[in-house]
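Structural overview for review
Listed below are the residues making up each chain.
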Amino acid sequence: MASKINQQEVEHVAELAKLEFPKDDLAKFTTQLGGIIDMFEDLAAVDTDGVEPMTSATDRVNVMREDTAVKSTKEEVEALLNNAPDRDGGFIRVPVIIDESEDDAE
């Protein structure tokens, strides 16, 4: 049941995931997250004894090429870097996703 999770827990999960949403949506998200938990409990209750585990939903074989390193020319490297929104010398600069400096402030 959705009553297994409360609004404070939803706020905590949102904080861990670095999500922000209006307080007006808290009740809606609490109900939705409770429904998701209910679905996982339904799945956990299914008897899977004797069912062979599978790694794919189809019987297709991986047709991807081997992942091997290939030396790029200077022109290819420069073309790649020219497409990057931000760069630092020969590197592509990406935005910070997890800023652990905020964790020490609490």
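It should be noted that the structure appears before, not after, this text.
Overview of the structure. Only a predicted model underlies this, so the values are computations on that prediction, with no experimental measurement involved. (Residues numbered from 1 in each chain as written. Predicted model: local features only at pLDDT ≥ 70, side-chain atom pairs only at ≥ 80, totals over all residues. Heavy atoms only, no water.)

1. Section: the overall build of the protein chain
Scanning the protein chain from terminus to terminus reveals three helices and two strands. For 106 residues, the compact-globule formula gives about 13 Å, and the C-alpha radius of gyration of the protein chain, at 23 Å, lies well above that figure. Dimensions of the protein chain, computed from the C-alpha atoms along their principal axes, are close to 60 × 50 × 25 Å. Considering only contacts in the protein chain between residues 6 or more positions apart, those separated by 24 or more positions represent 39%. As presented, the protein chain carries roughly 10,100 Å² of accessible surface, and 56% of it is formed by carbon and sulfur atoms. Taking the average place of the 10 positive charges on the side chains of the protein chain and the average place of its 26 negative ones, the gap between the two points comes to 10 Å. (Helix = DSSP H or I, 4+ residues; strand = E, 2+ residues; numbered from the N terminus. Rg over C-alpha atoms; globule rule 2.2 N^0.38 Å. Contact = heavy atoms within 4.5 Å. Areas by Shrake-Rupley, 256 points an atom, 1.4 Å probe, with all protein chains shown as cover. Lys, Arg positive; Asp, Glu negative; His and termini not counted. Charge placed at Lys NZ, Arg CZ, Asp CG, Glu CD.)

2. Description of the packing of aromatic side chains
The tally for this structure, following the rule as stated, stands at one aromatic pair. On the numbers, 4.7 Å between centres and 70° between planes, the contact of phenylalanine 21 with phenylalanine 29 is edge-to-face. (Phe/Tyr/Trp six-rings, centres within 6.5 Å; stacked < 30°, edge-to-face > 60°.)

3. Regarding the pattern of salt bridges
Tallied over the entire structure, the rule returns five salt bridges. Between glutamate 11 and lysine 23 there is a salt bridge, and its shortest N-O distance comes to 2.7 Å. Of this pair, glutamate 11 sits in helix H1 (residues 7-16) while lysine 23 is found in the loop between H1 and helix H2 (26-44), placing the two residues 12 residues apart along the sequence. By relative accessible area, which is 30% here, glutamate 11 ends up partly exposed. Judged by its relative accessible area of 62%, lysine 23 is exposed. A single network of salt bridges, built from pairs that share partners, joins Asp86, Asp88 and Arg93. (Salt bridge = Lys/Arg side-chain N within 4 Å of Asp/Glu carboxyl O. Buried < 20%, exposed > 50% of the residue type's maximum accessible area, 1.4 Å probe, protein only.)

4. Structural notes on the packing of H1 against H2
Where H1 meets H2, the closest approach of the two axes is 9 Å, and the angle between their N-to-C directions is 90°. It follows that H1 is roughly perpendicular to H2 by the angle criterion. Mapping the contact onto sequence places Gln7, Val10 and Glu11 in H1 and Leu26, Ala27, Phe29, Thr30 and Leu33 in H2. A breakdown of the residues in the contact of H1 with H2 according to their chemical character gives five nonpolar, two polar and one charged. (Axes fitted to C-alpha atoms, helices over the stretch in contact; angles between N-to-C directions. Parallel < 35°, antiparallel > 145°, perpendicular 65-115°, else oblique. Nonpolar A, V, L, I, M, F, W, Y, C, P; charged D, E, K, R; others polar.)

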